[in-house]
Amino acid sequence: MDRPLGLLAELTYRCPLHCPYCSNPVTVPDTAELALPEWLRVLEQARQLGVLQLHLSGGEPLIRPDLAVLVTRARELGFYVNLVTSGVGLDESRARELADAGIDHVQLSLQDADRAAGDNTAGARVFDRKMTAAAVITALGLPLTINVVLHRTNIGHIAAIADLAAALAADRLELAHTQYYGWALLNRSALLPTPEQVVAAEQAVARARALHGGTMEIVYVVADYYEPYPKPCMHGWGRRHIIIAPDGRALPCPAAAQIVGLGIDNVTERSLGEIWYLSPSFTRFRGDEWMSEPCRSCPRKAIDFGGCRCQAFALTGDAARADPICQLSPDHHLIDSAVSSATPRSLRFRSNPASS
Amino acid sequence: MTAALSLGDRPQLRRGVRVSTDPLSQAPILLFPEGVLFLNETAAAVIRHCDGSRTVAHMVQAIDEIYDGVAVGDVLSLVADLVAQRLMVVDRG
Ligand SMILES: C[S@@+](CC[C@H](N)C(=O)[O-])C[C@H]1O[C@@H](n2cnc3c(N)ncnc32)[C@H](O)[C@@H]1O
Ligand code: SF4
Ligand code: SF4
């Protein structure tokens, strides 16, 4: 069995933004966030397991005042440290503190190409603060990836988004179609782009690459609802990545907490090594023994691992079925009907966990 | 998009990409935002010589002094590969 390579630390579910596409869970358990010593222990255990990359995310990781302490320790342990942030709270002094602590890379999310549209989607006045964040990141010489989640409202703005990212001197631009988990699934009907929008988006990406590709890498993450086969979710269940939820639950995928009866373990109760090798939540869908048809006898199972277990569960109630995205899945009609019934209607903005 | 590499080019790792060591195998690795590349010793030596000031020709010579008989073609194709993966950038000589 492989060792894990990446750890995604969701430091908090709290966030000053209210993105309706947010993949965070809609309801979160009323449990306390891990304290600093617990996170430090998790980092040490992850390093012993061979984890190379640490992604600090959430919610908004900048909400944690102890973020720089975590970064410092992570670099001492040898991790590549990536900060995944909305940029809200990243003023010059905070950015300098984190740069000094050793952040390797910052992934900054934007909602849209301009202030009005961006703030509208974020449900908060944050666009200007994101522009400041981008400026201080690049001024410190830190590599910057701009991430924009695509949906019906902003998918027509790819050219302007790419121009903005280039003007902000981003090294990379990631244009990623919405994955339908958490708040995004709740808002799916309003977020799903039309087939025409998806075709136009692909053309816009090609033009943006021709224009900016020399200086900025443009990564386009396809809309799986319009693909014939599912994505190789997490590069396979329990194969490369560990996600730690704010309260310490260890998950094979950020959306796995919703799968009922998975037997999720918490890092406050078991070591990360025990969890990776033995926890039923990680072993349940590891490899391909768990598969039934059409995946079991399908040659593509080595490529896509049968798709996403969380998506199968969310749409069919059974995490062991083929991802309904697959055109060979008996549940594929669920995708077709979601696409054909999508309508522009009002969005539900993400709210914050009641406790924290 | 990228022209073929020539001996006068000066390659270096792109911002956000760095060489490190795998804590389990002690093998050299390349770390970058989206992943990791496991390297062999020769590749690691080539990459360590790519500092943006040395030309490909210089590197081939330097590497040859450490590892006997490294083929120019191998060094060129490794660097070209890393450029294609956007892990390296080159100043054209
Ligand atoms: C959940 S956010 C947490 C970090 C921070 N609050 C932010 O938004 O940048 C982590 C990353 O996932 C992206 N994201 C959020 N919801 C998504 C969804 N439904 N599908 C794909 N990416 C999503 C965000 O843009 C961000 O880059
Ligand atoms: S609401 Fe937006 S900014 Fe906040 S965690 Fe979700 S995606 Fe990130
Ligand atoms: S049948 Fe299963 S393994 Fe084959 S392509 Fe579809 S989801 Fe992937």
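Residues numbered from 1 in each chain as written. Chains lettered and ligands numbered in written order. Predicted model: local features only at pLDDT ≥ 70, side-chain atom pairs only at ≥ 80, totals over all residues. Heavy atoms only, no water.

This part covers the overall build of chain A. The helix and strand tally for chain A stands at 14 helices and ten strands. Expressed as a percentage of its 356 residues, the buried residues of chain A come to 58%. A separation of at least 24 residues holds for 72% of the contacts in chain A among residues at least 6 apart in sequence. Element-wise, carbon and sulfur atoms account for 54% of the exposed surface of chain A, whose accessible area totals about 14,000 Å². (Helix = DSSP H or I, 4+ residues; strand = E, 2+ residues; numbered from the N terminus. Buried < 20%, exposed > 50% of the residue type's maximum accessible area, 1.4 Å probe, protein only. Contact = heavy atoms within 4.5 Å. Areas by Shrake-Rupley, 256 points an atom, 1.4 Å probe, with all protein chains shown as cover.)

Contacts between the two partners involve 26 residues from chain A, matched on the other side by 19 residues from chain B. Roughly 1,700 Å² is buried in total at the junction of chain A and chain B, and carbon and sulfur atoms are behind 50% of that figure. Summed over the shared surface of chain A and chain B, the number is five salt bridges. One salt bridge in this structure joins Arg18 of chain B and Asp104 of chain A, with 2.7 Å as the shortest N-O distance. Elements represented by at least two residues in the side of chain A that touches chain B include exactly α1 (36-49) and β2 (53-57) of chain A. Element by element, the count of residues in the side of chain A that touches chain B is highest for α1 of chain A, at three residues. Looking at the side of chain A that touches chain B residue by residue, the class counts come to nine nonpolar, ten polar and seven charged. (Buried area = accessible area lost by both parts, 1.4 Å probe. Salt bridge = Lys/Arg side-chain N within 4 Å of Asp/Glu carboxyl O. Nonpolar A, V, L, I, M, F, W, Y, C, P; charged D, E, K, R; others polar.)

Before going further, it helps to spend a moment on the sheet that holds strand β7 (residues 217-221) of chain A. Residue and element names in this part refer to chain A. Taken together, the ten strands give an open sheet; going across it, the order is β7-β6-β5-β4-β3-β2-β1-β8-β9-β10, and neighbouring strands pair in mixed fashion. At either margin of the open sheet sits one strand with a lone partner, and together these are β7 and β10 (265-266). Across four bridges, strand β3 (residues 80-85) lies against strand β4 (residues 105-110) in parallel orientation. Residue pairing across strands places Leu83 opposite Val106, the latter belonging to β4. With respect to the sheet, helix α2 (residues 67-77) is in contact with β2 and β3, its orientation differing from that of β3 by roughly 155°. (Pairing = 2+ DSSP bridges. Axes fitted to C-alpha atoms, helices over the stretch in contact; angles between N-to-C directions.)

Before going further, it helps to spend a moment on the packing of helix α6 (residues 158-167) of chain A against helix α9 (residues 195-212) of chain A. Residue and element names in this part refer to chain A. Direction vectors running N to C along α6 and α9 enclose 30°, while the axes themselves pass 9 Å from each other. One element, α6, and the other, α9, form an angle in the roughly parallel class. In the crossing of α6 with α9, the sense of the turn from one axis to the other is right-handed. Across the interface between the two elements, Ile158, Ala162, Asp163 and Ala166 of α6 pack against Ala201, Ala204, Val205, Ala208, Leu211 and His212 of α9. Looking at side-chain class alone, the contact of α6 with α9 contains eight nonpolar, one polar and one charged residues. (Parallel < 35°, antiparallel > 145°, perpendicular 65-115°, else oblique. Left-handed = near helix turned anticlockwise from the far one by under 90°.)

So, on to the site of ligand 2. Taken together, Cys15, Leu17, Cys19, Tyr21, Cys22, Asn24, Gly59, Ser86 and Arg350 of chain A make up all the residues around ligand 2. For the shell around ligand 2, the residue count by class is five nonpolar, three polar and one charged. (Near = heavy atom within 4 Å.)

Turning to the packing of α2 of chain A against helix α3 (residues 92-101) of chain A, a few remarks are in order. Residue and element names in this part refer to chain A. Where α2 contacts α3, the axes come no closer than 8 Å and their chain directions differ by 20°. The orientation of α2 relative to α3 falls into the category roughly parallel. For the pair α2 and α3, the sense of crossing is right-handed. Mapping the contact onto sequence places Leu67, Ala68, Val71, Thr72 and Arg75 in α2 and Arg94, Glu97, Leu98 and Ala101 in α3. Counted by class, the contact of α2 with α3 contains five nonpolar, one polar and three charged residues.

Generally speaking, nonpolar side chains in soluble globular proteins are found buried as a group. Within the largest apolar cluster, 68 residues are counted, with the highest numbers of intra-cluster contacts made by Leu7, Ile146, Leu173, Leu175 and Ile244 of chain A. With residues near it in sequence (within four places) discarded, Leu7 of chain A still touches Val42, Leu43, Ala46, Val51, Gln53, Leu54, His55, Ile242, Ile244 and Leu272 of chain A. (Core = buried A, V, L, I, M, F, W, Y, C linked by side-chain atoms within 4.5 Å.)

All names here are of chain B. Ordered in space as β2-β3-β4, the three strands form an open sheet in which the pairing is antiparallel. Edge positions in the sheet fall to β2 (18-21) and β4 (35-38), since each has one partner strand and no second. Averaged over all pairs of adjacent strands, the angle between their axes in this sheet comes to 35°, without regard to strand direction. Note that strand β3 (residues 28-32) and β4 share four bridges and pair antiparallel. Each residue of the ladder has a partner; that of Leu30, found in β4, is Leu37.

This brings us to the site of ligand 1. All names here are of chain A. Inspection of the region around ligand 1 gives 18 residues, with Tyr21, Gln107, Ser109, Asn147 and Gln179 positioned closest. For ligand 1, a nitrogen atom lies 2.7 Å from a polar atom in the backbone of Tyr21. At 3.1 Å from an oxygen atom of ligand 1 is found a main-chain nitrogen or oxygen belonging to Thr85. Within the complex, the protein chains bury 87% of what would otherwise be the 530 Å² of accessible surface of ligand 1. (Polar contact = N/O pair within 3.5 Å; in protein donor to acceptor, adjacent residues only side chain to side chain.)

With that settled, the discussion passes to the environment of Asp74 of chain B. Residue and element names in this part refer to chain B. With respect to the element layout, Asp74 can be found in helix α3 (residues 72-84). Overall, Asp74 belongs to the exposed group, its relative accessible area being 51%. Separated by 32 residues in sequence, Asp74 and Thr42 have C-alpha atoms that sit 10.0 Å apart.

Throughout the structure, instances matching the rule amount to 26 salt bridges over all chains. Between Arg94 of chain A and Glu97 of chain A there is a salt bridge, and its shortest N-O distance comes to 3.4 Å. In this pair, Arg94 of chain A and Glu97 of chain A both sit in helix α3, three residues apart, roughly one turn of the helix. Its salt-bridge partner being Asp288 of chain A, residue Lys301 of chain A comes within 3.6 Å of it at the nearest N-O pair. Within this pair, whereas Lys301 of chain A is found in helix α12 (residues 301-304), its partner Asp288 of chain A is found in the loop between α11 (280-283) and α12, the two being separated by 13 residues in sequence. Salt bridges here are not isolated pairs; linked through shared partners, they connect Arg172, Glu174 and Glu217 of chain A together with Arg14 and Glu34 of chain B.

Function cannot be inferred from these measures alone, as they are strictly geometric.
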